[in-house]
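Fold and geometry: a report
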Amino acid sequence: MKLPSLKTRGKCCQTSETPSNGLEKIVLVGNPNVGKSVLFNHFSNSYTIVSNYPGTTVEISKGDGKVAGKEYEIIDTPGMYSMLPITEEERVSQKYVFDEDAHVYIHVVDAKNLRRMLPLTIQLIEADVPLILVLNMMDEAEERGVEIDTQRLAKRLGIPVVSTVSTAGRGLKELEETIANYKPTLNYFVPNYGEEIESAIEKTASALKSEYSISKRTLAQLLLQKDLVAFEKIKQKEEEPARISKIVSDIETEYSEPLNLKIAVNKQDNVNEIVDSVMTQQEDRKKPAGEKQSKKENSLSKQIDKLLIRPITGIPILFLILYFGLYKFVGVFAAGTVVDYLEGTLFGEQINPWVIANFNAFVPYPVIQDLFVGEYGILTQAITYAIALIMPLWEISSSYSR
Ligand SMILES: Nc1nc2c(ncn2[C@@H]2O[C@H](COP(=O)(O)OP(=O)(O)OP(=O)(O)O)[C@@H](O)[C@H]2O)c(=O)[nH]1
Ligand SMILES: [Mg+2]
């Protein structure tokens, strides 16, 4: 059996399977690299544990801490992009949303990338968990000319929204008060995914008869997107899980496109509409100096993106790139023509004969001559191979990866 790893910050330690201390919980969730751990360190006291989630190598940090004068257990989860997990880290974070009975979940986002982060907020709202949205990294957003109307955003979403710069402590007092005074509202944002998807969700959700810790709407979406944990849940809880699986697979066959793609695209449309109504960005400060693109370049790269994303144009372009870019250019031209010229003509006929003649004239010792300019000499063979054989291919492959 794998023993859980244990690291502690501060005084001492506990085991990974910490018995609940009866405190209400605050769970930090969000994409990787958005400042969850900075907030965790701010809220938790010095006695915290970092341990593996049981049966995985994924680390979870837990610690107690006072928020607006009241003691809570704070939990820092690994980064997740979506409620539909792909990585082990996301699977663990999904379990915390599914199973943890928290006072509040804090969804931490990078404010300058609101459009990319809000789909997860919508998923958490749909899951019906108590939620506060934290727009962190406001300093970087402001630097890029991003302005967000937090009050309007809170109204649109139906949840509290607080903007912070967690590294500088900005907004943290307001966040503490928001956590302490958190009360669920009845005006949550309900996304609309269009008639087809909505009816698929409705059909699946109404087939679920048991009670779950997250909403049936979310569970139905996860089932329609073939999430294994969701299927596991219905197997444990429903009397007729096979009937539900059949409903889901019947719905799937009605669609030509995978449902997760359709749901993701429609979710993003909902997000775009909200973001357009609450966020403004000064055009000239969109990107830090050095990364700026002209409008013309921007629209050209959008056109190219569109061509590459569509299978009908993207696949032929992929084959053209593989044939001309890889086979013809790297294989035939670089590895053939260029290497032949450098190795055979330039080094073989001109540079090496001159190096050998001069070296032998200055160093009259056969052993040293052999070592440097002999058949396998450092100057004749090693340098020839490095420059004539490896360098052209290396240069070309690194320019491809750039
Ligand atoms: N400029 C700025 N940087 C921040 C802010 N909050 C966090 N950071 C920085 O962002 C980086 C990531 O912060 P973390 O707290 O480790 O992010 P995380 O969400 O825990 O990341 P994962 O554990 O990978 O999911 C660190 O370098 C922080 O110093 C902020 O408000 N402003
Ligand atoms: Mg972290």
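These notes cover the structure that comes with them. (Residues numbered from 1 in each chain as written. Chains lettered and ligands numbered in written order. Predicted model: local features only at pLDDT ≥ 70, side-chain atom pairs only at ≥ 80, totals over all residues. Heavy atoms only, no water.)

1. Thoughts on the packing of aromatic side chains
We apply this condition: Note on aromatic contacts: the rings of Phe and Tyr and the six-membered ring of Trp form a pair at centre separations within 6.5 Å, being stacked when their planes are under 30 degrees apart, edge-to-face when over 60 apart, and tilted otherwise. Numbering of helices and strands runs from the N terminus, with a helix taken as a DSSP run of H or I at least four residues long and a strand as a DSSP run of E at least two residues long. When a residue's accessible area, from a 1.4 Å probe over protein chains only, is under 20% of the maximum for its type it is buried; when over 50% it is exposed; and in between it is partly exposed. Here, a charge over a ring means that NZ of Lys or CZ of Arg falls within 6 Å of the ring centre while also lying within 35 degrees of the ring normal.
Under the criterion given, the structure shown has five aromatic pairs. Geometrically, the ring pair formed by F329 and F333 is stacked, given 5.5 Å between the ring centres and 20° between the ring planes. Of this pair, F329 and F333 both sit in helix 13 (residues 311-362), four residues apart, roughly one helical turn. The partly exposed category is assigned to F333, whose relative accessible area is 40%. Aromatic ring contacts, followed pair by pair, group Y323, F324 and Y327 into a single cluster. Looking at K233, its charged tip hangs above the ring of F98, at a distance of 5.4 Å from the centre. Over the face of the ring belonging to Y212 we find K237, whose NZ or CZ atom lies 5.5 Å from the ring centre.

2. Some remarks on the pattern of salt bridges
Test applied: Only one rule defines a salt bridge in this text: a Lys or Arg side-chain nitrogen within 4 Å of an Asp or Glu carboxyl oxygen.
Throughout the structure, instances matching the rule amount to 14 salt bridges. K112 is paired through a salt bridge with E140; the nearest N and O atoms lie 2.6 Å apart. Of this pair, K112 sits in the loop between strand 6 (104-110) and helix 3 (114-127) while E140 sits in helix 4 (residues 138-143), and the two are 28 residues apart along the sequence. Salt bridges linked by common partners bring E126, E198, R217 and K267 together as one network.

3. Some words on the packing of helix 3 against helix 11 (residues 259-278)
Selection rule: Here an axis means a line fitted to C-alpha atoms, over the contact stretch when the element is a helix, while the angle between two N-to-C directions is reported on a 0 to 180 degree scale. In this scheme, roughly parallel covers angles under 35 degrees and roughly antiparallel covers those over 145, while 65 to 115 is roughly perpendicular and the rest are oblique. Handedness of each helix crossing follows the sense of rotation of the near helix against the far helix: counterclockwise by less than a right angle gives left-handed, clockwise gives right-handed. By definition in these notes, contact holds between two residues if any of their heavy atoms fall within 4.5 Å. For this scheme, ten residues count as nonpolar: Ala, Val, Leu, Ile, Met, Phe, Trp, Tyr, Cys and Pro. Four count as charged, namely Asp, Glu, Lys and Arg, and the remainder, Gly too, count as polar.
Direction vectors running N to C along helix 3 and helix 11 enclose 115°, while the axes themselves pass 9 Å from each other. For the element pair helix 3 / helix 11, the angle class is roughly perpendicular. In the crossing of helix 3 with helix 11, the sense of the turn from one axis to the other is right-handed. On the side of helix 3, the interface is formed by L114, R115, L118, P119, I122, Q123 and E126, while helix 11 contributes K267, Q268, V271, N272, I274, V275 and D276. Class assignment of the residues belonging to the contact of helix 3 with helix 11 gives a composition of seven nonpolar, three polar and four charged.

4. A look at the packing of helix 5 (residues 150-157) against helix 11
For the pair helix 5 and helix 11, interaxial distance at closest approach is 9 Å and the crossing angle is 150°. On the basis of their axis angle, the class for helix 5 and helix 11 is roughly antiparallel. The interaxial crossing formed by helix 5 with helix 11 has right-handed handedness. Touching R152, L153, R156 and L157 of helix 5 are E273, I274, S277 and V278, all from helix 11.

5. Remarks on the pairing of strand 7 (residues 131-136)
Here is the rule: At least two bridges found by DSSP between two strands are what make those strands a pair. Crossover handedness is defined here as right-handed if the route from the first strand over the helix to the second strand goes clockwise, with the strands pointing away from the viewer.
The element strand 7 is largely enclosed, with a buried count of six among its six residues. Sheet analysis places strand 6 next to strand 7, joined by six bridges and oriented parallel. For V109, the partnering residue across the bridge sits in strand 7 and is L135. Handedness of the crossover joining strand 6 and strand 7 through helix 3: right-handed.

6. Comments concerning the site of ligand 1
Heads up, the condition is: We call a residue near a molecule or strand as soon as one heavy atom of that residue lies within 4 Å of the molecule or strand. N or O atoms closer than or at 3.5 Å make up a polar contact, with two conditions inside protein: a donor-capable atom paired with an acceptor-capable one, and, for residues adjacent in sequence, both atoms drawn from side chains. Note on areas: Shrake-Rupley with a 1.4 Å probe; residue coverage comes only from the protein chains shown.
Close contacts around ligand 1 come from 16 residues, with N33, K36, S37, D139 and S166 the closest. Within the backbone of M137, a nitrogen or oxygen atom sits 3.2 Å from an oxygen atom of ligand 1. The separation between a nitrogen atom of ligand 1 and a polar side-chain atom of T167 is 3.4 Å. Protein coverage of the free-state accessible area of ligand 1, which is 660 Å², stands at 69%. Within the residue set of the shell around ligand 1, elements represented by two or more residues are helix 1 (36-43) and helix 4.

Shape is all these values report; function is a separate question.
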